[in-house]
Amino acid sequence: MNLYNYNAIDKDVIQRLVTIVGEQYVVTDAEKMEPYSHDEVAEESYAHMPDVVVKPRTAQEIAAIVKLANEKRIPITPRGAGSGLSGGAVPIYGGILLSVERMNQILEIDTGNMMVVVEPGVVTNEINEKIKDCGLFFAGYPMSLETCYIAGNVAENAGGGKAIKYGVTERYIMGLEVVTPTGEIIMLGGKRVKD
């Protein structure tokens, strides 16, 4: 039963997604999409296949995908590494699975402000590897830090072994570039604590 009156993905939508991100970053083969149908929960009853997996590289591409999905009334599920245990990355309504795996760069290490600017697909442990020589570490990391992406940590407000002493992820996120549900790109917060 489709409670939200979502529409199916047709060839036109697939072609428009290809135009946005490139053919190699639009996946429709069921075997290749299977790993995106679940997170780390082993129980198959919690898995659900997406209709298409899309791998954008920029916020502008994500915005275009969101606008297309709104126009066509297609659900979108954002996904980091899928290392969670809560189902947050499972596309329960099918539709577009939006993977941030190509957005995997550390953009800036600002030691003066003790800040690092990263893309959402950066593996959390890579942040610590890059900043440890500066005498810094990202305290909000979860137990799966060697496989999880920072985007999933933020979305799930992840915590791990150091959360008791240092707090969970939200405590360390000072700013975000966000694509809204209507496809606008906005900046929230920044390097100043007042932001």
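Since we're looking at a predicted model, the values are computed, not measured. Numbering of residues starts from 1 in every chain and runs along the sequence as written. Predicted model: local features are reported for residues with pLDDT of at least 70 only, side-chain atom pairs are reported and counted for 80 or more only, and whole-chain, interface and lining totals are derived from all residues. No hydrogens and no water enter the side-chain calculation; it runs on all heavy atoms of the structure.

## Thoughts on the overall build of the protein
So, step 1. Counting its regular elements, the protein contains six helices and eight strands.
So, step 2. Starting at the N terminus, helices and strands are each numbered in turn, a helix being any DSSP run of H or I of at least four residues and a strand any DSSP run of E of at least two. Its helices and strands taken in sequence order, the protein reads α-β-α-β-α-β-β-β-β-α-α-α-β-β from the N to the C terminus.
So, step 3. Here the globule rule is a power law, 2.2 Å times the number of residues to the power 0.38, and the radius of gyration is based on C-alpha atoms. Taken against the 2.2 N^0.38 rule, which gives 16 Å for 195 residues, the C-alpha radius of gyration of the protein at 17 Å falls within 12% of a compact globule.
So, step 4. Each principal axis of the C-alpha distribution contributes one length, and for the protein these read about 50 × 35 × 30 Å.
So, step 5. Counting every position in the protein, which comprises 195 residues, the buried fraction comes to 37%.
So, step 6. The contact definition used throughout considers only heavy atoms, calling two residues in contact when any of these lie within 4.5 Å. When contacts within the protein are restricted to residue pairs at least 6 apart in sequence, long-range pairs at least 24 apart make up 55% of them. Only protein chains enter the accessibility calculation, which uses a 1.4 Å probe. A residue is then buried if its area is under 20% of the maximum for its type, exposed if over 50%, and partly exposed in between.

## A few points about the nonpolar core
If you look at soluble globular proteins, the nonpolar side chains tend to sit buried side by side.
So, step 1. The set of buried Ala, Val, Leu, Ile, Met, Phe, Trp, Tyr and Cys residues whose side-chain atoms join them within 4.5 Å is what this entry labels a nonpolar core. Counting residues in each nonpolar core, the largest one holds 20 residues, and the members touching the most others are Leu17, Val52, Val54, Ile65 and Ile96.
So, step 2. It is helix α3 (residues 59-72) that contributes the most residues to this core, five residues altogether.
So, step 3. Those residues in contact with valine 52, other than ones at most four positions away along the chain, are Ile9, Ile14, Leu17, Val26, Val27, Thr28, Met33, Gly95, Ile96 and Leu97.
So, step 4. Val122, Ile127, Leu136 and Phe138 belong to the second largest nonpolar core, which has six residues in total.

## Some remarks on the sheet that holds strand β1 (residues 26-27)
So, step 1. Between any two strands, at least two bridges found by DSSP are needed for them to pair. Across the sheet, four strands lie side by side as β1-β2-β4-β3; this open sheet has mixed pairing. A strand with exactly one partner marks an edge of an open sheet, and here the two such strands are β1 and β3 (76-79).
So, step 2. Of the pairings in the sheet, the one linking strand β2 (residues 52-54) to strand β4 (residues 96-99) comprises three bridges and is parallel in character. Opposite valine 53, over in β4, you have leucine 97 as the bridge partner.
So, step 3. Axes here mean lines fitted to C-alpha atoms, for a helix over just the part in contact, with angles spanning 0 to 180 degrees between N-to-C directions. Where α3 meets the sheet, its contacts fall on β2, β3 and β4, and the angle it forms with β4 comes to roughly 170°.

## What to know about helix α1 (residues 11-21)
So, step 1. The complete set of buried residues in α1 reads Val13, Leu17, Val18 and Val21. For α1, the angular spread of buried residues about the axis comes to 140°, placing them on one side. Opposite the packed face of α1, turned more than 90 degrees from it, sit the exposed residues Lys11 and Thr19.
So, step 2. The elements touched by buried residues of α1 are β1, β2, α3 and β4.
So, step 3. In the segment just after α1, glycine 22 is the residue with positive phi, at about 100°. Our arc is simply the arc of the directions from the helix axis toward the C-beta atoms.

## Description of the side chain of aspartate 110
So, step 1. Within the element layout of this structure, aspartate 110 appears in strand β5 (residues 106-110).
So, step 2. A polar contact of 3.3 Å, which involves the side chain of aspartate 110, links it to the backbone nitrogen of glycine 112.
So, step 3. Only 2.8 Å separates the side chain of aspartate 110 from the side chain of asparagine 113, close enough to count as a polar contact.
So, step 4. In this structure, aspartate 110 is in contact with Met115 and Lys191, ignoring residues within four places of it in sequence. In the analysis that follows, any N or O atom pair within 3.5 Å is treated as a polar contact, provided that within protein one partner can donate a hydrogen and the other can accept it, and provided that, for residues neighboring in sequence, both atoms belong to side chains.

## Side note on the packing of aromatic side chains
So, step 1. Centre distance within 6.5 Å is the pairing criterion for rings of Phe, Tyr and Trp, where only the six-membered ring of Trp is used; planes under 30 degrees apart are then read as stacked, over 60 as edge-to-face, and the remainder as tilted. Evaluated as defined, the whole model comprises three aromatic pairs.
So, step 2. Aromatic side chains phenylalanine 137 and tyrosine 166 sit 5.2 Å apart centroid to centroid with 80° between the ring planes, which places their arrangement in the edge-to-face category. With a gap of 29 residues between them, phenylalanine 137 in the loop between α4 (124-131) and α5 (150-156) and tyrosine 166 in helix α6 (residues 163-166) connect regions that are remote in the sequence.
So, step 3. When its relative accessible area of 26% is taken as the criterion, tyrosine 166 is described as partly exposed.
So, step 4. Should the NZ of a Lys or the CZ of an Arg lie within 6 Å of a ring centre and within 35 degrees of the ring normal, that charge is described as sitting over the ring. Positioned above the aromatic ring of tyrosine 25, the side-chain terminus of arginine 102 is 3.4 Å from the ring centre.

## Let's talk about the pattern of salt bridges
So, step 1. Salt bridge, as applied in this entry: a Lys or Arg side-chain nitrogen positioned within 4 Å of an Asp or Glu carboxyl oxygen. Evaluation of the coordinates by the stated rule reveals seven salt bridges.
So, step 2. Glutamate 101 serves as the salt-bridge partner of lysine 55, at 3.5 Å between the closest nitrogen and oxygen. Of this pair, lysine 55 sits in the loop between β2 and α3 while glutamate 101 is found in the loop between β4 and β5, placing the two residues 46 residues apart along the sequence.
So, step 3. Exposure remark for glutamate 101: the relative accessible area of 24% places this residue in the partly exposed category.
So, step 4. With a closest N to O distance of 2.9 Å, glutamate 119 and arginine 57 form a salt bridge. With glutamate 119 in the loop between β6 (115-118) and α4 and arginine 57 in the loop between β2 and α3, this pair connects stretches of sequence that are 62 residues apart.

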